[in-house]
Amino acid sequence: MRRILRTWEGRIGLFLVVGTTILIAVGPYIAPYSPTEVGLDQFNQSPNSVHWLGTDHLGRDVLSRFLSGGRSIIFIPVVSVTLAYLTAGLVSMVAAYKGGIFDLVVSRIVELLMSLPSLLKILLMVAAFGPSTGVLILAITIANMSGASRVVRGAVLSQSRLDYVKSSEARGEGVLIIVVQEILPNIVGPLAADYTLRITWAIIALSTLSFLGLGVQPPQPDWGLMIQDARASIKAAPLVAIVPALGIAALSVGLNLTADAIVRWSEGKEGST
Amino acid sequence: MVEVIAGHQADSRGRRIANTIFQRIVANAIVLLIISAVTFALMNFKAPEDLARSVLGREVSSEQIAAFVRSNNLDANFVERYLSWISGVFAGDLGTSLITRRAVSAVVSDAIGRSLTVAMLGAFLGVCSGVLAGVFLGVRVGSKTDIRMVTALLVIASMPEFLIGIALYMLFVTWLGWFPTQAAFAFSFGSASERAMNYILPAATIALLLLPHVARVTRVTMAEAIDAPYVVAAKLRGLSQVQTKWNYAFRSAAASLISVIGVNLVYAISGVVVVEYLFGFPGVGSLLVEAIGAGDSVTVQAVIMIFAIFVIIINVSVDIIIVILNPRLRYGT
């Protein structure tokens, strides 16, 4: 962790990520108004003393919407990517270690899944099942499974011929134990970097979906949705679009920088072995 | 004698390349078939009545539902429907939209020309500027300009596509007013030059999507290639800087560059969807978004298949180009 902080990327990245995350977590509690309360007599106001960031086209307080709109953006991606790693990651770890037909079949299936661009896969699933939270989680998980699978497979393969693994095998340890207790701690570096990158990507994908109207549904406050809603009255109330855009940008740029820093850190580690 | 042997070798080399290419095409065709099956299954697993209801709404009588099901052939057996759909796709008939009742192929062929133009324009701009930027940075690795530009590229690369699009939109449409707010208007009522204007912003957004990734890879491969022994040897032999750079350093980087470009093109296809929707550009992308929103499963299937076909074409082309460029790969599978 300290080594991440040493690079300037790590510092800015972590600052952005932690800052935005705190904002997202604490936001709903300090929001002055309800994010969904409509006030049609006060729409599209510029910032004033009552509404610090103005109001949107339905008279809802922009500040409150912004403070409450980050939740969905963090929750769904984190859950999905974690699920993807737990399922695909575990299967690939075992497959890569055991090799043989199992590995071959799993690799073929993964290759198959990878052929379509992820957004299309997600769109397809939303088209089939509707844009509810569960479906979104499922769709993003599936979209990430093949990528996570590949990374895990590569990492495991780089370790499976090493001596400490062989000595575990000689001791008679079971496959699952070797994979989880011996190999896993040694591949945390690249996995962590990929995990972070995937969450970034999932955040982008989710806000894109909400922007298209196929993700989080109104009147829930969501940053992507806010931007889309704001387009109609963008000249009158540009802040409604700018503020959530900054939020999304801060989060994605921050996560990317952090992921970069993690990659540097893990590379440095491997170099010293 | 030597010529005869060399001739034989060249022959079998040609055959090996053709073999590899053939294998790739077949593998990709199988993937395409599987994608079609999965797509169809996903869009049609609901009972016909549910499909009807998602189009017609909830307050519909059972006679209306039954009429809808009959007229759209939704009561046939699942496998039958798949087979008739797939054979239709090969023949160029993409089915009839559940919503507009028009032939999907007609709607799609209009839209696809526009989408392709935007995509290719954007891809061309993005790849060219990316390569140029990458070469520019590659020879200056570590300098202040390099560090600053790499940071800028990182920021652009981390932003979602629609944010980049919105930024361009706000700047050029809202603030400066250079472009109309809804591109589709010009396509129905505008002149040719008005229509042409509408291609610029979407293409620019797509270019911005590709630029950072292409530039990053070009930069790295350029920097590495410049130090490679054969490049140093060329410099020692007295070739000019420019010649060294372009003839030797760049060529070796080309193969990995092509594959990265291929990956990014595939990614750009999904970017087209967002960009079209954002700018109101009447292409295949916004068609897809509308169809999903309206529950028009026939159109959704068709558009997804079209996207899949393009992805496969790009993948196969990249594979072929790489096999041709890299002699080492010609002897493997």
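Since this is a predicted model, take the numbers as computed values, not measurements.

*Asks:* Help me out: how do you make sense of the overall build of chain B in this one?
*Replies:* Scanning chain B for helices and strands turns up 13 helices and 0 strands. Along chain B, helices (α) and strands (β) appear in the sequence α-α-α-α-α-α-α-α-α-α-α-α-α when read from the amino end. Across the 333 residues of chain B, 45% fall into the buried class. Relative to all contacts within chain B whose residues are 6 or more apart in sequence, the contacts with residues 24 or more apart total 71%. By element, 65% of the accessible surface of chain B is carried by carbon and sulfur atoms, the whole surface being about 16900 Å².

*Asks:* So what exactly am I meant to see when it comes to the overall build of chain A here?
*Replies:* In terms of regular secondary structure, chain A is built from 12 helices and 0 strands. For chain A, the α and β elements follow one another from N to C terminus as α-α-α-α-α-α-α-α-α-α-α-α. Residues counted as buried form 52% of the 273 residues belonging to chain A. Summarising the internal contacts of chain A: among those between residues at least 6 apart in sequence, 70% fall at separations of at least 24. Only carbon and sulfur atoms are counted for the fraction: they give 66% of the accessible area of chain A, which is about 12300 Å².

*Asks:* Which parts of the structure should I look at to understand the nonpolar core?
*Replies:* Proteins that are soluble and globular tend to have nonpolar side chains buried together. In this structure, Leu123(A) and Leu288(B) are the most contacted members of the largest nonpolar core, which totals 129 residues. Top element by residues in this core is helix α13 (residues 297-325) of chain B. It accounts for 15 residues. Non-local contacts of Leu288(B), meaning those with residues more than four positions away in its chain, are made with Leu120(A), Leu123(A), Val273(B), Val300(B), Val303(B), Ile304(B) and Phe307(B). Within the second largest apolar cluster, 7 residues are counted, among which are Val127(B), Val135(B), Val214(B) and Met222(B).

*Asks:* For this particular structure, what's the right way to read the packing of aromatic side chains?
*Replies:* Two aromatic rings are characterised by how far apart their centres lie and by the angle between their planes. Following the criterion strictly, the structure yields 5 aromatic pairs over all chains and no others. Between Tyr85(A) and Tyr195(A) the ring centres are 5.7 Å apart and the planes differ by 70 degrees, which places this aromatic pair in the edge-to-face class. Linking Tyr85(A) in helix α4 (residues 71-98) with Tyr195(A) in helix α10 (residues 188-212), this pair joins segments that are 110 residues apart in sequence. What makes Tyr195(A) partly exposed here is its relative accessible area of 27%. When the ring of Phe211(A) is compared with that of Tyr277(B), the centres are 6.1 Å apart and the planes differ by 85 degrees; the resulting orientation is edge-to-face. One end of the pair, Phe211(A), is in helix α10; the other, Tyr277(B), is in helix α11 (residues 241-279), on a second chain.

*Asks:* Help me out: how do you make sense of the interface of chain A and chain B in this one?
*Replies:* Accessible area lost during the coming together of the parts is what is often quoted as the interface size. On the chain B side, the residues contacting the 35 residues of chain A number 38 residues. Both sides together, the interface formed by chain A and chain B hides about 3400 Å², and carbon and sulfur atoms give 82% of it. It is Leu120(A), Leu124(A) and Arg231(A) in chain A that bury the most area against chain B; as a group they hold 18% of the surface buried on that side. At the junction of chain A and chain B, the tally comes to 0 salt bridges. Run the count over chain A and chain B and you get 1 residue pair in polar contact (both at pLDDT 80 or more).

*Asks:* Quick question: what am I supposed to make of the pattern of salt bridges here?
*Replies:* Oppositely charged side chains are able to pair whenever their charged atoms sit close together. Following the criterion strictly, the structure yields 3 salt bridges over all chains and no others. Measuring nitrogen to oxygen at the nearest pair gives 2.9 Å for the salt bridge that ties Asp194(A) to Arg198(A). With Asp194(A) and Arg198(A) both in helix α10, this residue pair falls 4 residues apart, about one helical turn. As far as burial versus exposure is concerned, Asp194(A) and Arg198(A) are alike and both buried. Its salt-bridge partner being Asp146(B), residue Arg219(B) comes within 2.8 Å of it at the nearest N-O pair. Taken together, the positions of Arg219(B) in helix α9 (residues 192-226) and Asp146(B) in helix α6 (residues 144-158) put the pair 73 residues apart, joining distant regions of the chain. A residue is classified by how much of its surface remains accessible, and Asp146(B), at 1% relative accessible area, is buried.

*Asks:* How should I be thinking about the side chain of Ser92(A) in this particular structure?
*Replies:* Residues and elements named next belong to chain A. As for its placement among the helices and strands, serine 92 is situated in helix α4. Classification of serine 92 as buried rests on a relative accessible area of 2%. A polar contact of 2.4 Å, which involves the side chain of serine 92, links it to the side chain of serine 149. Those residues in contact with serine 92 that lie beyond four places of it in its chain are Ser149 and Val152.

So, how was this worked out
- Residues numbered from 1 in each chain as written.
- Chains lettered and ligands numbered in written order.
- Predicted model: local features only at pLDDT ≥ 70, side-chain atom pairs only at ≥ 80, totals over all residues.
- Heavy atoms only, no water.
- Helix = DSSP H or I, 4+ residues; strand = E, 2+ residues; numbered from the N terminus.
- Buried < 20%, exposed > 50% of the residue type's maximum accessible area, 1.4 Å probe, protein only.
- Contact = heavy atoms within 4.5 Å.
- Areas by Shrake-Rupley, 256 points an atom, 1.4 Å probe, with all protein chains shown as cover.
- Core = buried A, V, L, I, M, F, W, Y, C linked by side-chain atoms within 4.5 Å.
- Phe/Tyr/Trp six-rings, centres within 6.5 Å; stacked < 30°, edge-to-face > 60°.
- Buried area = accessible area lost by both parts, 1.4 Å probe.
- Salt bridge = Lys/Arg side-chain N within 4 Å of Asp/Glu carboxyl O.
- Polar contact = N/O pair within 3.5 Å; in protein donor to acceptor, adjacent residues only side chain to side chain.

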